[in-house]
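One-letter residues, chain by chain:
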Amino acid sequence: EVQLLESGGALVQPGGSLRLSCAGSGFNFGSNGMTWVRQAPGKGLEWVSAITGSGHRTYYGDSVKGRFTISRDNSKNTLFLQMNSLRAEDTAVYYCATRSTFAGHWGQGTLVTVSS
Amino acid sequence: LVMTQSPATLSVSPGERATLSCRASQSVSSDLAWYQQKPGQAPRLLIYDTSTRATGIPARFSGSGSGTEFTLTISSLQSEDFAVFYCQQYNHWPRTFGQGTKVEFK
């Protein structure tokens, strides 16, 4: 069974940084592209970032480009999202998902709140 | 690339057919997925490649279309189907979602 477990969400001040993690199990992690999707409170889904299985290629949504960095450690079956220069509009539940095309399996999400 | 879903809300009675639309601002070929999200839950994949049902998805869910116009049809709504549905294109970077269609009880 595919399982994805996000962690690292927290309350952070505007301008601050945060690193999210996503631990995967039940599938061949290193062979799968991975994706981050977020959802602001009461809003729809927003695609954030994706990375290929090897980690060599990364992609970002326009609203996070230059501030967020996606990476992975295939030896630990873990996906990361480093978030810098956080803004109030980054407040959301962040989901990781398998694949870099459509999102096949989803984690339960981790809440990031950006507020002073 | 903007994905536009219609209607924003669809009021349907159990047993009725529901038809949801998704339009892309430029062609996405057949690289279109649909997701269902219930309150307090993560989204789940329903359909990918426009018309292929994900594992475990009932046959009452079907997808069609190509290019810029896509449709999700629920042939006979069950009580557990009331939720918000999103389309997503994966033909272009960055990937983009539609704003969602809420299917509610009539």
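See the structure shown above.
Only a predicted model underlies this, so the values are computations on that prediction, with no experimental measurement involved. (Residues numbered from 1 in each chain as written. Chains lettered and ligands numbered in written order. Predicted model: local features only at pLDDT ≥ 70, side-chain atom pairs only at ≥ 80, totals over all residues. Heavy atoms only, no water.)

All names here are of chain A. With the rule as written, the count across this model stands at 7 salt bridges over all chains. The partner of Arg38 in a salt bridge is Asp90, and the shortest N-O contact between them spans 2.9 Å. With Arg38 in strand β4 (residues 34-39) and Asp90 in the loop between β8 (78-83) and β9 (92-98), this residue pair connects regions lying 52 residues apart in the sequence. A single burial state applies to Arg38 and to Asp90, both of which are buried. (Salt bridge = Lys/Arg side-chain N within 4 Å of Asp/Glu carboxyl O. Helix = DSSP H or I, 4+ residues; strand = E, 2+ residues; numbered from the N terminus. Buried < 20%, exposed > 50% of the residue type's maximum accessible area, 1.4 Å probe, protein only.)

Facing the 20 residues of chain A at the interface are 17 residues of chain B. When the two sides are added together, the surface that chain A and chain B hide from each other amounts to roughly 1,500 Å², 69% of it contributed by carbon and sulfur. Together, A:Leu45, A:Trp47 and A:Phe102 form the three largest contributors to the area buried by chain A at its contact with chain B, with a combined 41%. Linking chain A to chain B there are 0 salt bridges. Applying the counting rule to chain A against chain B returns 5 residue pairs in polar contact (both at pLDDT 80 or more). Only β4, β5 (45-51) and β6 (58-60) of chain A provide two or more residues apiece to the side of chain A that touches chain B. With 4 residues, the top contributor of residues to the side of chain A that touches chain B is β5(A). (Contact = heavy atoms within 4.5 Å. Buried area = accessible area lost by both parts, 1.4 Å probe. Polar contact = N/O pair within 3.5 Å; in protein donor to acceptor, adjacent residues only side chain to side chain.)

Per the counting criterion, the structure on display carries 2 disulfides over all chains. A disulfide bridge connects A:Cys22 with A:Cys96, and the sulfur atoms are separated by 2.0 Å. Looking along the S-S bond of the A:Cys22-A:Cys96 disulfide, the torsion reads about 60 degrees, which is the right-handed sense. Residue A:Cys22 is located in strand β3 (residues 18-25), and its partner A:Cys96 is located in strand β9; the two are separated by 74 residues in the primary sequence. Neither residue differs from the other here; A:Cys22 and A:Cys96 are each classed as buried. Between the sulfur of B:Cys22 and that of B:Cys87 lies a disulfide, 2.1 Å long from S to S. (Disulfide = S-S within 2.5 Å.)

Another point: the sheet that holds strand β1 (residues 3-7) of chain A. Residues and elements named next belong to chain A. Strand order in the open sheet made by the 4 strands is β1-β3-β8-β7, with antiparallel pairing throughout. Only two strands of the sheet have a single neighbouring strand rather than two, namely β1 and β7 (68-73). Geometrically, the sheet is characterised by an average inter-axis angle of 15 degrees between neighbouring strands, direction not taken into account. In this sheet, β8 lies alongside β7 in antiparallel orientation, the contact comprising 6 bridges. Paired with Thr69 across the bridge in β8 is Gln82. (Pairing = 2+ DSSP bridges. Axes fitted to C-alpha atoms, helices over the stretch in contact; angles between N-to-C directions.)

Now for the nonpolar core. In summary, soluble globular proteins display a tendency toward joint burial of nonpolar side chains. Within the largest apolar cluster, 41 residues are counted, with the highest numbers of intra-cluster contacts made by A:Trp106, B:Trp34 and B:Phe85. Mapped by element, the contributors of at least two residues to this core are β5 and β9 of chain A together with β2 (9-12), β3 (18-24), β4 (32-37), β5 (44-48), β8 (69-74) and β9 (83-89) of chain B. Excluding anything up to four places from it in sequence, B:Phe85 contacts B:Gln5, B:Leu20, B:Tyr35, B:Gln36, B:Leu46, B:Phe61, B:Leu72, B:Ile74, B:Gly100, B:Thr101 and B:Val103. Membership of the second largest hydrophobic core comes to 24 residues, among which are A:Phe27, A:Phe29, A:Val48 and A:Met83. (Core = buried A, V, L, I, M, F, W, Y, C linked by side-chain atoms within 4.5 Å.)

What follows concerns the side chain of B:Thr50. Residues and elements named next belong to chain B. Along the chain, Thr50 turns up in the loop between β5 and β6 (52-53). Using a relative accessible area of 4% as the deciding quantity, one classes Thr50 as buried. Leaving out residues up to four positions away in the same chain, Thr50 has contacts with Ser30, Asp31, Leu32, Gly63, Ser64, Gly65 and Phe70.

Right, let's talk about unusual backbone geometry for a bit. With an omega of -10 degrees, the peptide bond running from B:Ser6 to B:Pro7 counts as cis. With an omega dihedral of -10 degrees, the bond running from B:Trp93 to B:Pro94 counts as a cis peptide bond. Within the secondary structure layout, B:Pro94 lies in the loop between β9 and β10 (96-97). The residue A:Ser85 is not glycine, and still its phi comes out positive at about 50 degrees. By the element assignment, A:Ser85 lies in the loop between β8 and β9. At A:Arg99, a position not held by glycine, the phi torsion is positive, near 80 degrees. Given the relative accessible area of 35%, A:Arg99 is considered partly exposed.

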